[in-house]
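An overview of the molecular structure
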Amino acid sequence: MAHMHKQYPQLLLTASEMGMADKSAVVAGVPVMDLMAAAGKAVADAVLERWSTCSVLVLCGPGNNGGDGFVVAKLLQAAGWSVRLAFMGSVEKLSPEAACFFHAWQGEVEEYSVDLLEQTDLVIDAMFGAGLTRSLEGKARDMVDALIEREIPICAVDVPSGIDGTTGAVLGKVAPAELTVTFFRKKPGHLLFPGRGLCGELVVADIGIPVTVLDELNLQTWENSPELWYRDYPWPRLDGHKFHRGHALVFGGENITGASRLTARSAMRIGAGLVTLAAPIKAWAVYATALTGVMVAKLEQSQEAEDFEELLLDTRHNAIAVGPGAGLAGFESIRTRKIVLAALITGRATVLDADALSAFANDPQTLFDAINGPCVMTPHEGEFARLFPKINKSPEINNNLADDKLTRARLAAKQSGAVVVLKGADTVIASPDGRAIINSNAPADLATGGSGDVLAGFILGLLAQGMSPFDAAAAAVWMHGEVGNEVGAGLIAEDLPEHLPKVLAVFKRQYLSP
Ligand SMILES: NC(=O)C1=CN([C@@H]2O[C@H](COP(=O)(O)OP(=O)(O)OC[C@H]3O[C@@H](n4cnc5c(N)ncnc54)[C@H](O)[C@@H]3O)[C@@H](O)[C@H]2O)[C@@H](O)CC1
Ligand SMILES: Nc1ncnc2c1ncn2[C@@H]1O[C@H](COP(=O)(O)OP(=O)(O)O)[C@@H](O)[C@H]1O
Ligand SMILES: [K+]
């Protein structure tokens, strides 16, 4: 990802990074007054574009989020709307800029009361911004409860109040918005659940912060997009042959054979030149019958791990996947561990999924110590909890670490030395060097048995073609989401590799030809 330039629109800013960006903007000569005026105008414009004239209630909080609210109220009133404004806090404690816009509001300033909702068609939630760190209490909390109950449409300023913009966690309770307008760049909490599910449509408004302020910040978090990795995507060479596209090796167990078959086929679909599936002799015929383009190698009974090691002596096997259907019952677990360690000791690119991760639940350090080359681990939350029990319980990062998927994935990558793909609706891809990507294109249709095995195969296929583990993981997760969208409702895992060519064709049109 040599090309990840800092000014990419995909950069995500935590609340404190956003604060630093604001400060740098001021140093660069953009006054806070202008930022606040632009923020309020962006919200008012977005509202005017989406709703027709109605009775609006602007709920202003005690900080600068409330400051934006004063601006919105005035602009909507000027547009001929019927506007009421409620303020919670003390005028003396407002920032000078928020105070200035407070005084510019010439209408009545009302106290928070749920009765205000009686004649309200639309609420502007300018109570708290993305930097909130504790639960709402008192009148703000009562208001949120009433908003949830009455289901009045809400436009949120920056975030729906009560969402931690850095983690996406809900602090107490949050009333879901129909529209959220945030400023300059998205925050991780807009993409991570539960926050993501509460934002509604998300608009990112330019408020005049110069992009050059990003150069001063050591930003490490992005929203997944081909912009981040398309330049390193391994398209086949015009004069190439199959060995230029790598030879992937997949281990398959004897009981659940579908999982590793999906992985192998997916690796082929995404362009690995050759794929070999190595299977215990008992299951060899099953694999050999079911697979065509994928080659099937035999592993003799009771010496599967040794035979697998022998396959690894062929250095053309440049990327290895272990886990899908590898087996955990009784002796299988020991065998799975041996095969994982045999793969890792080669230092070649390795994908570890499913059973390959669970097999080390009692001794994760042995796994982490063995990782000395490019490695991608793809745990879902259950596997993650088994492999990283301390991270899930660690109190040190923040009070809501269990809710902080981004930090958990980062810590796991650092601890293990592997790129960690922490899967789910908001998959996080974290590198041991601190970089992280949040994926946002995956539809819920992907929540079906076997779709993770396909993802492992996509990563494997890209690794075989020489992509770096962080890029390969990000690209594969994005492709997986796109294919999910392409197939849509009714999707089964088998569909995913079969529909990949359509997604690749669109991707190629958009990103290969300048
Ligand atoms: N230069 C800037 O800083 C800009 C900020 N903007 C707006 O400013 C917002 C950030 O402003 P602030 O940092 O003032 O943050 P907030 O507006 O979220 O308010 C924080 C204030 O609320 C208090 N507070 C925190 N949690 C509370 C709780 N649970 N119950 C009661 N009070 C609580 C804090 O003590 C603090 O006074 C952004 O969300 C954005 O809307 C925009 O105006 C654009 C420019
Ligand atoms: N609600 C959801 N929205 C989008 N993607 C999802 C959702 N739930 C699961 N996924 C994706 O589906 C895949 C499921 O993988 P996994 O849990 O390993 O299942 P399996 O082992 O059955 O293949 C992962 O890539 C995950 O990110
Ligand atoms: K808000």
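On a predicted model such as this, the values are computed, not experimentally measured, just so you know.

**Section: the overall build of the chain**
- From N to C terminus, the chain includes 19 helices and 17 strands.
- Computed over its C-alpha atoms, the radius of gyration of the chain comes to 26 Å, within 12% of the 24 Å expected for a compact globule of 514 residues.
- Projecting the C-alpha coordinates of the chain onto the three principal axes gives extents of approximately 85 × 50 × 45 Å.
- Considering only residue pairs separated by 6 or more positions, the chain has 73% of its internal contacts joining residues 24 or more positions apart.

**Topic: the site of ligand 1**
- Surveying the vicinity of ligand 1 reveals 26 residues, the closest of which are Asp22, Gly63, Asn64, Asn65 and Gly129.
- Elements with a minimum of two residues in the shell around ligand 1: helix H2 (32–50) and helix H3 (64–78).
- Classifying every residue of the shell around ligand 1 gives 12 nonpolar, 9 polar and 5 charged.

**What about the site of ligand 2?**
- Near ligand 2 lie 18 residues; those nearest to it are Lys423, Ala425, Ala442, Ala447 and Gly452.
- The element best represented in the shell around ligand 2 is helix H17 (residues 451–464), accounting for 4 residues.
- Of the residues that constitute the shell around ligand 2, the class distribution is 8 nonpolar, 8 polar and 2 charged.

**Let's talk about the sheet that holds strand E16 (residues 428–430)**
- Here 10 strands make up an open sheet; going across it, the order is E8-E17-E16-E15-E14-E13-E12-E9-E10-E11 and the pairing mixed. The outermost strands of the open sheet, each flanked by one partner alone, are strand E8 (221–223) and strand E11 (295–299). Here the strands of the sheet are splayed against their neighbours by 20 degrees on average, with no regard to which way each runs.
- Here strand E9 (residues 247–251) runs beside strand E12 (residues 317–322); their pairing, made up of 4 bridges, is parallel. Along E12, the bridge assignment pairs Val250 with Ala321.
- Its contacts with the sheet put helix H10 (residues 304–312) on E9, strand E10 (274–280), E11 and E12, and the angle it makes with E11 is roughly 130 degrees.
- Most of the contacts of helix H11 (residues 331–345) go to E12, to which it runs at about 155 degrees, and overall it touches E9, E12, strand E13 (349–352) and strand E14 (375–377).

**Considering unusual backbone geometry**
- A cis amide bond links Phe193 to the next residue, Pro194, at an omega of 5 degrees.
- Of note, Pro194 is situated in the loop between helix H6 (188–191) and helix H7 (195–198).
- Of note in the backbone geometry, Glu151 takes a positive phi value of approximately 55 degrees without being a glycine.
- Locating Glu151 in the fold gives a position in the loop between helix H5 (138–150) and strand E5 (154–157).
- Glu151 sits in the exposed class, given 9 other C-beta atoms within 10 Å.
- Notably, Asp158 is not glycine yet its phi reads approximately 75 degrees, a positive angle.

**As for the nonpolar core**
- Formed by 166 residues in total, the largest nonpolar core has its most connected members in Val58, Val419, Ile429, Ile459, Leu460 and Ala473.
- By residue number, the principal contributor to this core is helix H18 (residues 469–487), which donates 10 residues.
- Both domains that meet at this core, namely domain 1 (15–216) and domain 2 (226–512), each give it at least three residues.
- When near neighbours in sequence (up to four residues on either side) are disregarded, Leu460 contacts Ala248, Thr263, Ala267, Ala272, Ala319, Ala321 and Val351.

**Details of the domain arrangement of the chain**
- In terms of domains, the chain is made up of domain 1 (15–216) and domain 2 (226–512).
- Distance between the C-alpha centres of domain 1 and domain 2: 41 Å.

**A look at H18**
- Between its first and last C-alpha atoms H18 spans 27 Å; for 19 residues at 1.5 Å apiece the expected length is 27 Å, and the two agree.
- Just beyond H18, the residue with positive phi is Gly488, at close to 75 degrees.

**A closer look at the sheet that holds E5**
- The 7 strands lie next to each other as E3-E2-E1-E4-E5-E6-E7, forming an open sheet whose pairing is parallel. Looking at strand neighbours, the two that pair on one side only are strand E3 (109–110) and strand E7 (201–205), the edges of this open sheet.
- As defined by bridge partners, E5 adjoins strand E6 (residues 179–183) across 3 bridges and the pair is classed as parallel. For Ala156, the partnering residue across the bridge sits in E6 and is Thr180.
- Strands in contact with H2 are strand E4 (122–126), E5, E6 and E7; relative to E6, the strand with the most contacts, it is inclined by about 155 degrees.
- Sheet strands touched by H3: strand E1 (55–60), strand E2 (82–87), E4 and E5. Its angle to E1, the strand with the most contacts, is close to 160 degrees.

Rules of the game
Residues numbered from 1 in each chain as written. Chains lettered and ligands numbered in written order. Predicted model: local features only at pLDDT ≥ 70, side-chain atom pairs only at ≥ 80, totals over all residues. Helix = DSSP H or I, 4+ residues; strand = E, 2+ residues; numbered from the N terminus. Rg over C-alpha atoms; globule rule 2.2 N^0.38 Å. Contact = placed C-beta atoms within 7 Å. Near = placed C-beta within 6 Å. Nonpolar A, V, L, I, M, F, W, Y, C, P; charged D, E, K, R; others polar. Pairing = 2+ DSSP bridges. Axes fitted to C-alpha atoms, helices over the stretch in contact; angles between N-to-C directions. Buried ≥ 20, exposed ≤ 12 C-beta atoms within 10 Å, placed from the backbone. Core = buried A, V, L, I, M, F, W, Y, C linked by C-beta atoms within 7 Å. Domains from an automatic or database assignment. Expected span 1.5 Å × (residues − 1).

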